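Survey of secondary and tertiary structure
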Amino acid sequence: MSKIVILGAGISGHVAASHLRRKLSKQHEVIVVSPNSNYQWIPSNIWVGIGRMKSEKILFPLAPLYKRKGIGYKQAKAISFFPEGDKNEEKPYVLAEYIIGDKKGQHEKVTYDYLINATGPKLNFEATEGLIPGQNKTYSVCTYTHADHAWEGLSEVIQQMKQGKKAKILIGTGHAKATCQGAAFEYILNVEQELRKHKVRDMAEVTWISNEYQLGDFGMDGMLLSYKGMTLKSHEMVEMIFEDRDIKWILGAGVNKVKDGIAYYENLDGEIKGEVYDFAMLIPAFSGHGFKAYDKNENDITEKLFKGFMIVDADYTPKPYEEWSVRDWPETYQNPSYRNIFAPGIAFAPPHAISKPRKSKNETPIFPSPPRTGMPSGITAKLVADNIIDSIKNGKESLHHKGSLGNMGAACIASAGFGMTKGSGVSITTYPIVPDYEKYPKTQGRKLSKTFGEIGLAGHWLKLALHHAFIYKAKMKPLWWLIPE
Amino acid sequence: MTQRISKYQKFKMMNPIIQFFKFIYLSIKIMIIVAGGHGGTRENIK
Ligand SMILES: Cc1cc2nc3c(=O)[nH]c(=O)nc-3n(C[C@H](O)[C@H](O)[C@H](O)COP(=O)(O)OP(=O)(O)OC[C@H]3O[C@@H](n4cnc5c(N)ncnc54)[C@H](O)[C@@H]3O)c2cc1C
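Residues numbered from 1 in each chain as written. Chains lettered and ligands numbered in written order. Predicted model: local features only at pLDDT ≥ 70, side-chain atom pairs only at ≥ 80, totals over all residues. Heavy atoms only, no water.

1. Focus on the overall build of chain B
The helix and strand tally for chain B stands at two helices and zero strands. Expressed as lengths along the three principal axes of its C-alpha atoms, the size of chain B is roughly 55 × 30 × 10 Å. Scored against the burial criterion, the 46 residues of chain B give a buried share of 26%. Accessible surface computed for chain B: about 3400 Å², of which carbon and sulfur atoms make up 67%. (Helix = DSSP H or I, 4+ residues; strand = E, 2+ residues; numbered from the N terminus. Buried < 20%, exposed > 50% of the residue type's maximum accessible area, 1.4 Å probe, protein only. Areas by Shrake-Rupley, 256 points an atom, 1.4 Å probe, with all protein chains shown as cover.)

Here's what the structure looks like:
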């Protein structure tokens, strides 16, 4: 009998738990430890943040589902890792703290045979002074509660505009090394469309602020893509969309401080500037959770497990951008020191960025961190689950399932406005996610037949179809496993 | 504001009939990318 513990019930943790439970017999235990009682389909937070979808539509409680499916569930958060056990506990374990109910505040040693760390990112708002969701007129759409607040803030500004007050709207990244530009891109286009719907577009100045060097970088070093039979650069495509929608932009901006209605930033020229706004949605820096790890004698071994995020089978040797290779990226998400620990999704430490690193004249690094979107989060979680299943069934370690971001495609269907007839979406697919300059030297590291862009109503329908399909899948309804990650 | 997308292009982007076929086309293209699978990158390294 094996016991598999999964930390986190986001996209990757939930995918891993559901596949493990489906494919392993009931003699094996599958346990999820996660602090949030709900599963949330994060991509649809964009629509919660413009008041077009209620947050209840993007979430459901985990406990009843896990009970029905025979998945153990502890509403608790992991605090520290003991991969060798300790003097009193033979088995490896994670120390978890309950966060609700009678056991609130109590600690428990959750032992395991296999551990999947799927804790995603810490939303590190503290890294930017004054960037607090719901304060200083700044908001976030990273969780459903944040998105609810964002809509409250936005609707207030819309009301003021209806009464004749002009407003400045600022959307983008809130830290010099933030990632997830794609989410901010979706939000700015959705907000812009809502302003038109509310007939206040002419009262608003809408501005994109980002740590990207060029528009359309998306933390992926930009891309060449096929668009209507042409080969476009992603910055040309985004520039076309922004100009058409009258959205201004500020690039190479490392926001470092937010005061009531002013975002201060340093640009690549080393200038410190401030941008005034009435409503801002700025994506915070993502960081690891600051977990600690200890050996059997309780010596600190954090550096064996973590480098901010969790160390996996990547090549972490520091090297210049010109020497980066797809082979630096992990394939199995296994920790090299403790081979029964894995970290799919956002929880693993990337070997380096994907976008070219840039510094300001004051030596401040200003460039996007690498994104790990929903599709690769799901795929990496499933392959980790499959390797664990094979290892249990074969009685020895099996790592046949591999999935490097340098050999995996991703579809990013960015909503550009909500509505069955008035909606729009920018559908972009990329293959591979991490550019492979050896294989595709003439097309900026990507295969053009699989890297394309489309703009139009169909993109909105697609995004809506994905919303329903993934919530169906997450609820583990009949034949859920036929829906791919 | 600069009109970068022509009225005709916008008509095509928002026409439900054209977009219905686009929806089918995009769904298939995305499925091909997903079904195209994934793998490692180090197999050929000796
Ligand atoms: C606004 C927004 C829109 C997005 N839109 C898209 C999109 O359109 N398409 C797309 O592909 N991707 C999108 N993404 C990215 C996508 O949401 C992420 O790639 C995905 O959520 C990552 O999955 P994950 O499981 O690694 O992390 P998460 O989904 O963040 O899950 C982490 C889990 O760990 C839990 N946890 C945290 N701390 C602990 C702890 N100490 N112990 C135990 N559990 C813990 C959390 O409660 C959570 O359940 C978007 C992201 C945002 C913020």
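2. Things to note about the packing of helix 1 (residues 7-14) of chain B against helix 2 (residues 16-35) of chain B
For any two helices packed against each other, the geometry is given by the interaxial angle and the distance between the axes. Residues and elements named next belong to chain B. Packing of helix 1 against helix 2 leaves a shortest axis separation of 5 Å and a crossing angle of 60°. Taken as axis vectors, helix 1 and helix 2 run oblique relative to one another. Listed contacts from helix 2 to Lys12, Met13 and Met14 of helix 1 are Pro16, Ile18 and Gln19. By residue class, the composition of the contact of helix 1 with helix 2 is four nonpolar, one polar and one charged. (Axes fitted to C-alpha atoms, helices over the stretch in contact; angles between N-to-C directions. Parallel < 35°, antiparallel > 145°, perpendicular 65-115°, else oblique. Contact = heavy atoms within 4.5 Å. Nonpolar A, V, L, I, M, F, W, Y, C, P; charged D, E, K, R; others polar.)

3. Comments concerning the interface of chain A and chain B
Taken residue by residue, the interface counts 46 residues in chain A and 30 residues in chain B. Of the roughly 3200 Å² buried between chain A and chain B, counting both surfaces, carbon and sulfur atoms make up 64%. When the buried surface of chain A facing chain B is broken down by residue, A:Asp244, A:Arg327 and A:Trp461 rank first, second and third, together holding 18% of it. Counting every contact that joins chain A to chain B gives four salt bridges. Residues A:Asp244 and B:Lys10 are paired through a salt bridge, measuring 2.9 Å at the closest nitrogen-oxygen approach. For the interface between chain A and chain B, the tally reads 16 residue pairs in polar contact (both at pLDDT 80 or more). (Buried area = accessible area lost by both parts, 1.4 Å probe. Salt bridge = Lys/Arg side-chain N within 4 Å of Asp/Glu carboxyl O. Polar contact = N/O pair within 3.5 Å; in protein donor to acceptor, adjacent residues only side chain to side chain.)

4. Looking at the sheet that holds strand 18 (residues 262-266) of chain A
All names here are of chain A. If you walk across this open sheet you meet the three strands as 17-18-19, and the pairing is antiparallel. A strand with exactly one partner marks an edge of an open sheet, and here the two such strands are strand 17 (254-259) and strand 19 (272-276). Pairwise comparison of adjacent strand axes, ignoring direction, gives a mean angle of 25° for this sheet. As judged from the five bridges shared by strand 18 and strand 19, these two strands associate in the antiparallel manner. In the strand pairing of strand 19, Tyr264 is matched with Gly274. (Pairing = 2+ DSSP bridges.)

5. Brief notes about the site of the ligand
All names here are of chain A. Near the ligand lie 31 residues; those nearest to it are Ser12, Ile346, Arg372, Gly374 and Lys463. Take Gly10: an N or O atom from its main chain is 3.2 Å from an oxygen atom of the ligand. Take Lys463: an N or O atom from its side chain is 2.8 Å from an oxygen atom of the ligand. Ranked by residues supplied to the shell around the ligand, first place goes to helix 8 (residues 374-394) with three residues. (Near = heavy atom within 4 Å.)

6. A few points about the nonpolar core
Residues and elements named next belong to chain A. Core analysis: the biggest nonpolar cluster contains 147 residues, and Leu20, Phe81, Met161, Phe185, Tyr187 and Val426 have the highest contact counts within it. Considering each element in turn, this core owes the most residues, nine residues, to helix 8. Look past the residues within four positions of Tyr187 in its chain and what remains in contact with it is Ile46, Gly49, Ile50, Val141, Ala150, Leu154, Ile171, Phe279 and Met281. Ile250, Val255, Val258 and Leu282 belong to the second-largest nonpolar core, a separate cluster that totals 13 residues. (Core = buried A, V, L, I, M, F, W, Y, C linked by side-chain atoms within 4.5 Å.)

7. Observations concerning the environment of A:Arg372
Residues and elements named next belong to chain A. Along the chain, the position of Arg372 falls in the loop between strand 25 (341-342) and helix 8. If we skip the residues at most four places from it in the chain, Arg372 touches Phe309, Gly345, Ile346, Phe348, Pro350, Ser377 and Leu405. Separated by 3.3 Å, the side chain of Arg372 and the backbone oxygen of Ile346 make a polar contact. Within the local environment of Arg372, its side chain forms a polar contact with the backbone oxygen of Phe348, the two atoms lying 2.8 Å apart.

8. Looking at the pattern of salt bridges
Per the stated rule, a full pass over the model turns up 28 salt bridges over all chains. Salt-bridge contacts for A:Glu243 lead to B:Arg4; the nearest nitrogen and oxygen are separated by 2.8 Å. With one member in each of two chains, A:Glu243 in helix 6 (residues 234-244) and B:Arg4 in the segment before helix 1 form a pair that bridges those chains. Among the ionic pairs, A:Asp328 bridges to A:Lys319, the shortest N-O distance being 2.8 Å. You can call A:Asp328 buried: its relative accessible area is 2%. Overlapping salt bridges, with partners in common, bring together A:Glu192, A:Arg196, A:Arg201 and A:Arg245 in one network.

9. Section: the pairing of strand 15 (residues 230-233) of chain A
All names here are of chain A. As defined by bridge partners, strand 14 (residues 224-227) adjoins strand 15 across four bridges and the pair is classed as antiparallel. Counterpart to Leu224 in the pairing with strand 15 is Lys233. Between strand 14 and strand 15, which pair antiparallel in sequence order, lie two residues; one of them, Lys228, sits at a positive phi of approximately 50°.

10. Section: helix 6 of chain A
All names here are of chain A. Of all 11 residues in helix 6, eight are buried; the element is thus mostly enclosed. Within helix 6 the residues assigned to the buried category are Ser234, His235, Met237, Val238, Met240, Ile241, Phe242 and Asp244. Just past helix 6, the residue Asp246 takes up positive phi, approximately 60°.

11. Considering the pairing of strand 1 (residues 3-7) of chain A
Residues and elements named next belong to chain A. For strand 1, the buried fraction is high: five of the five residues fall into the buried class. With burial as the criterion, each face of strand 1 is covered, one bearing Lys3, Val5 and Leu7 and the other bearing Ile4 and Ile6. Each parallel crossover has a hand, and the one from strand 1 via helix 1 (residues 11-23) to strand 2 (residues 29-33) is right-handed. With four bridges connecting them, strand 1 and strand 9 (residues 114-117) associate as parallel partners. Among the inter-strand pairings, Leu7 is bridged to a residue of strand 9, identified as Asn117. (Right-handed = clockwise from strand over helix to strand, strands pointing away.)

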